[in-house]
Amino acid sequence: MTTKRAVKAVIPAAGLATRFLPATKAVPKELLPVVDRPVLQYIVEEAAAAGITDVLLVTGRGKTAMVDHFDRRPDVEARLEEKGDQQRLAAVRRSSELADIYTVRQGEALGLGHAVGTAASHVGDNPFAVLLGDEFVEEDKPLLPAMLDLQEKTGGIVLAFMEVAPHETSRYGIASVKTTDDPDVVEVTGLVEKPAPEEAPSNLAVLGRYVLPGTIFDVIADTKPGNGGEIQLTDAMATMLADGVPVHGIVYRGHRYDTGMPLGYLQAVVQLAAQREDLGEEFRAWLTEFVGDPKFSGGRKG
């Protein structure tokens with residue numbers, strides 16, 4: 001079975017980001033910097049590297065700065081050109097050259113399924129990718145190309161999974177699966193949203209990357225509020241699975257950067273800064289000295 005390849009991406013980014021208040025009172029969480037690029041740029045770069053250059057941002061109130069980031073800044077560019085700062089000039093221009101950025105407003109925060117459903121008129125009947133707005137993967141270990149390839153081959157839904165510790169299952173959508181000839185590809189037989197550890201069918205958690213058929217929009221429209229009183233994307237996918245739509249998953253073996261919570265965000269900043277050619281050596285030396293200083297080993301007081 002072969003289907004049309006997905007060429008559009010949807011990035012749900014309408015959340016209030018209450019975990020980061022007061023920083024996110026005026027600045028969208030998706031624009032918090034990871035060293036010198038905002039989280040959202042890493043995600044759009046991930047889509048563009050997979051050949052997707054049509055990106056729809058699902059936004060909410062107070063989020064217009066996300067669109068501005070991907071627009072041109074002739075005044076800034078002219079100043080950098082005058083100074084001969086070609087490196088920063090290229091970096092500023094890059095964000096406006098990555099993809100064609102479109103937006104749709106999610107009027108109310110009614111869940112991930114509802115957010116994806118707002119993309120119906122933009123996507124139409126075609127398959128499309130969904131990339132959650134607070135996580136991304138290693139540049140040199142991409143995930144999306146393999147997902148697009150698999151969905152083009154099998155049709156239906158393609159998910160991404162990561163293995164989690166048993167006590168973490170209540171934070172994620174968890175799948176029950178059957179193995180295939182490919183050790184990194186599984187056939188999904190069931191999905192459950194945020195199960196307790198004793199009720200989880202496996203330790204395979206849904207990562208924030210999906211490739212979905214356009215037929216999911218009608219299913220989302222008929223999906224009732226579920227966990228947390230929200231319209232859950234997991235519930236819509238489970239309905240399609242029960243109706244015989246094929247669902248496959250790719251088990252991701254690389255590193256996932258989760259910036260949705262302060263600890264994960266700080267870890268991403270440290271990890272990526274330590275890897276930078278221009279900053280890494282000096283930063284790692286300082287970090288080693290800092291961690292080894294007994295004054296800070298138990299947290300600074302006084």
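Residues numbered from 1 in each chain as written. Predicted model: local features only at pLDDT ≥ 70, side-chain atom pairs only at ≥ 80, totals over all residues. Heavy atoms only, no water.

Account for the packing of aromatic side chains, naming residues and giving values.
By the definition in use, this model includes six aromatic pairs. Arranged with centres 5.9 Å apart and planes meeting at 25 degrees, the rings of F283 and W286 form a pair that is stacked. With F283 and W286 both in helix α11 (residues 280-292), this residue pair falls three residues apart, about one helical turn. We classify W286 as partly exposed; its relative accessible area is 43%. Through a chain of ring-to-ring contacts, three or more aromatic side chains come together here, namely Y42, F136 and Y257. R37 extends its terminal NZ or CZ atom over the ring of Y42, reaching a point 4.2 Å from the ring centre. (Phe/Tyr/Trp six-rings, centres within 6.5 Å; stacked < 30°, edge-to-face > 60°. Helix = DSSP H or I, 4+ residues; strand = E, 2+ residues; numbered from the N terminus. Buried < 20%, exposed > 50% of the residue type's maximum accessible area, 1.4 Å probe, protein only. Lys NZ or Arg CZ within 6 Å of the ring centre and 35° of its normal.)

Can you tell me about the confidence of the model for the chain, naming the residues and giving the values?
The share of residues in the chain with pLDDT of 70 or more is 97%, and the mean pLDDT across the chain is 91. The element-level mean pLDDT for the chain is lowest in strand β10 (residues 185-193), coming to 89, with strand β6 (residues 128-131) highest at 98. (pLDDT = per-residue confidence, 0-100.)

How would you explain the packing of helix α3 (residues 74-83) against helix α4 (residues 86-97) if you had to name every residue and give the values?
As a packed pair, α3 and α4 sit with axes 9 Å apart at the nearest point and diverge in direction by 160 degrees. In this view, α3 runs roughly antiparallel relative to α4, as classed from their interaxial angle. Note that α3 runs across α4; the crossing there is left-handed. Note on element contacts: α4 touches α3 through R88, L89, V92 and R93, opposite V76, E77, L80 and E81. Class assignment for the residues of the contact of α3 with α4 results in four nonpolar, no polar and four charged. (Axes fitted to C-alpha atoms, helices over the stretch in contact; angles between N-to-C directions. Parallel < 35°, antiparallel > 145°, perpendicular 65-115°, else oblique. Left-handed = near helix turned anticlockwise from the far one by under 90°. Contact = heavy atoms within 4.5 Å. Nonpolar A, V, L, I, M, F, W, Y, C, P; charged D, E, K, R; others polar.)

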